[in-house]
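Breakdown of the fold
For reference, the chains in residue letters:
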Amino acid sequence: MNALLKPIEAPIEARLEPMRESDLDAVLALELQAYPHPWQRKHFSDCLAGGYQAQLLMADDTLLGYFVAMPGFEEAHLLNLAVAPSHQRQGWALVLLDALVLWARGKGLQWVWLESRASNSRAVQVYQAHGFRQVGVRKHYYPASNGQREDALVMSLKLN
């Protein structure tokens, strides 16, 4: 197991840090654990080079999770959010969403948008618990097994 992904004993004191190119080995290790169709290093590198908001959630030297968001006109688009499987169901996704919303509000943005796999009911529940509402469906948006495609639920959160 990657040293940055080792389990932590409770209680955990976590902090946010900007994602850097030097963090990508640990980020990719978590990405591979969290998703059946993970992002590649180039996706993360391109986002960092583009100045997107990319934050790590750390506990000591352990990577708990991260998010990557693209700013746009009056809105942010959440591109990727992951929590290490060994730390899921502990509220860390909500912490990451709080950090995303705080950043977006600080930029004066009005909306946060995201897509979630239609089959990822746990993620949809987390997003709904944070106030996101489904506003549409993107047909055949995500790659799936055996060359198939999966629909994405389009969700948004209005920032007040």
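Structure: see above.
An account of the accompanying structure is given in this report. Predicted, not measured: the structure shown is a model, and the values here were computed from it. (Residues numbered from 1 in each chain as written. Predicted model: local features only at pLDDT ≥ 70, side-chain atom pairs only at ≥ 80, totals over all residues. Heavy atoms only, no water.)

1. Quick look at the overall build of the protein chain
To keep things clear, this is the line we draw: The numbering of helices and of strands both runs from the N terminus, where a helix is a DSSP run of H or I of at least 4 residues and a strand a run of E of at least 2. Using C-alpha atoms as the atom set, the radius of gyration is obtained and then compared with a globule rule of 2.2 Å times the number of residues to the power 0.38.
Helix and strand counts for the protein chain come out as four helices and seven strands. Listed by position from the N terminus, the elements making up the protein chain come as β-α-α-β-β-β-α-β-α-β-β. On C-alpha atoms alone, the protein chain measures out to a radius of gyration of 15 Å, which is about the 15 Å that the 2.2 N^0.38 rule sets for 160 residues. The C-alpha extent of the protein chain, read off along each of the three principal axes, is 40 × 40 × 30 Å.

2. Brief notes about the nonpolar core
Our working rule: Here the nonpolar core consists of buried residues drawn from Ala, Val, Leu, Ile, Met, Phe, Trp, Tyr and Cys, with membership extended through side-chain atoms lying within 4.5 Å. Any residue under 20% of the maximum accessible area for its type is buried, any over 50% is exposed, and the rest in between are partly exposed; the area is computed with a 1.4 Å probe on protein chains only. Throughout, a residue-residue contact means that at least one pair of heavy atoms, one from each residue, lies within 4.5 Å.
Formed by 29 residues in total, the largest nonpolar core has its most connected members in F67, L78, L81, L100, V112, Y127 and F132. Within the residue set of this core, elements represented by two or more residues are β2 (53-59), β3 (62-72), β4 (75-83), α3 (92-106), β5 (111-117), α4 (121-129) and β7 (149-158). The element best represented in this core is α3, accounting for nine residues. Discounting residues that sit within four places of it in the chain, V112 has contacts with A76, L100, A104, F132, M155, S156, L157 and L159.

3. Focus on helix α2 (residues 41-49)
In plain terms, the rule: Working definition: the arc comes from the directions between the helix axis and the C-beta atoms, pointing outward to the latter.
Those residues of α2 that sit buried are F44, S45 and C47. Viewed end-on, α2 has its buried residues packed into an arc of 160°, placing them on one side of the element. The exposed residues of α2 that point more than 90 degrees off its buried face are K42 and A49. Where α2 is buried, its residues contact α1 (24-34), β3 and β4.

4. Focus on the side chain of N80
To keep things clear, this is the line we draw: Think of a polar contact as two N or O atoms within 3.5 Å of one another; within protein, one of them needs to be a possible hydrogen donor and the other a possible acceptor, and neighboring residues in sequence only count if both atoms come from side chains.
As for its placement among the helices and strands, N80 is situated in strand β4. Judged by relative accessible area, N80 falls into the buried class, the value being 4%. One polar contact links N80 to E31, side chain to side chain, over a distance of 3.2 Å. Each residue touching N80, except ones within four places of it in the same chain, is listed here: E31, Y35, W39, F44, Y66, F67 and V68.

5. Focus on the packing of aromatic side chains
Here is the rule: Think of it this way: a Phe, Tyr or Trp ring, Trp meaning its six-membered ring, pairs with another when their centres are within 6.5 Å, and the plane angle makes it stacked under 30 degrees, edge-to-face over 60, tilted otherwise.
All told, the structure shown has five aromatic pairs when counted by the stated rule. Both rings, one in F44 and one in Y66, keep their centres 5.7 Å apart while their planes meet at 80°; by these two values the pair is edge-to-face. Of the two residues, F44 is situated in helix α2 and Y66 in strand β3; the sequence distance between them amounts to 22 residues. A residue is classified by how much of its surface remains accessible, and Y66, at 0% relative accessible area, is buried.

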